[in-house]
Amino acid sequence: TEEPVDLIQRAMVELGLGKGRIGVEQSGFSFLPIASFHALSAHFPNAEIVNGSGLVEKERAIKSPAEIGYIREAAAISGIGIQASVDHTHEGVTESVVAGEISKAMVTAGGEYAGLPVFLNSGHRTLAAHATPTHKVIEKGETVFVELTGVVNRYAGPLFRTLCVGEPDPTLA
C-alpha cells in the first residue's frame, strides 16, 4: 500500500545509497515509469543519476558451476515438454489439449512456474509470434510451433521446435 518511490527512497537512504552516483537501467524493459524516475531523482539532489544499463547483465553472463547445472536441468525439462508435444500432437487434437500435456509433463519432471506460458500455435496461427494455445483443432499437414521454458531454481532453459502433422507442404521447404 506504500508509494513505491517513497519506499525506494527510504531503503536507499537506510543503505547509505542516497548520494554519489546512482545507476538506473534506462535501455531495457523497465517497470520504472518516467514520472516515477523523475520523482525518485528529485529525492536525491546531491546524487549523480547515471545510465546503469547493462551492468547487471554483464555480471549475470558469468555462471557458476551450480548455475550451469540449473540451466541444464531446466533445458532437460524443456526437452521433456518438447517430447510431450511430439507424443500428443496429431490430427484432430486441440492446441489447448497438447499444451496441457506439455505443462503436465514439465511439472511432473520437476519444472517450476516459468513466468511465461506454453507458446503453441498451429496452421495459419504460426504466423503470430508468441501465440498461446486456443481450442483450434490441429489438422493434417499443418505445422505446429512450440516454445517452452523449463525452469529450475529460477534458471531457464528455453527450447523451440516446429512439428508437422503428416507430410509437410512442399512450399514450406
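Above this text you will find the structure in question.
These numbers come from a predicted model, not from an experiment. (Residues numbered from 1 in each chain as written. Predicted model: local features only at pLDDT ≥ 70, side-chain atom pairs only at ≥ 80, totals over all residues. Heavy atoms only, no water.)

Caption draft 1: Summary view of unusual backbone geometry. Despite not being glycine, His-130 has its phi angle at roughly 55 degrees, a positive value. Summarising the element assignment, His-130 is placed in the loop between strand 3 (119-122) and strand 4 (143-152). Under the relative-accessibility criterion, His-130 is labelled partly exposed at 47%. Phi angles above zero are rare outside glycine, and Asn-153 is one such case at about 50 degrees. Inspection of the secondary structure assignment puts Asn-153 in the loop between strand 4 and strand 5 (155-164). (Helix = DSSP H or I, 4+ residues; strand = E, 2+ residues; numbered from the N terminus. Buried < 20%, exposed > 50% of the residue type's maximum accessible area, 1.4 Å probe, protein only.)

Caption draft 2: Just the packing of helix 1 (residues 4-14) against helix 2 (residues 34-42), in detail. Packing of helix 1 against helix 2 brings their axes to within 10 Å, and their N-to-C directions diverge by 35 degrees. Taken as a pair, helix 1 and helix 2 cross one another with a handedness that is right-handed. Of helix 2, the residues touching helix 1 (which contributes Val-5, Ile-8 and Gln-9) are Ser-36, Ala-39 and Leu-40. Here the residues of the contact of helix 1 with helix 2 are counted per class, giving four nonpolar, two polar and no charged. (Axes fitted to C-alpha atoms, helices over the stretch in contact; angles between N-to-C directions. Left-handed = near helix turned anticlockwise from the far one by under 90°. Contact = heavy atoms within 4.5 Å. Nonpolar A, V, L, I, M, F, W, Y, C, P; charged D, E, K, R; others polar.)

Caption draft 3: Layout of the packing of aromatic side chains. The full count for this structure, using the stated rule, is two aromatic pairs. Measuring from centroid to centroid gives 6.5 Å for Phe-145 and Phe-160, while their planes differ by 45 degrees, and the two rings are tilted. Residue Phe-145 is located in strand 4, and its partner Phe-160 is located in strand 5; the two are separated by 15 residues in the primary sequence. Its relative accessible area of 24% is what places Phe-145 among the partly exposed residues. (Phe/Tyr/Trp six-rings, centres within 6.5 Å; stacked < 30°, edge-to-face > 60°.)

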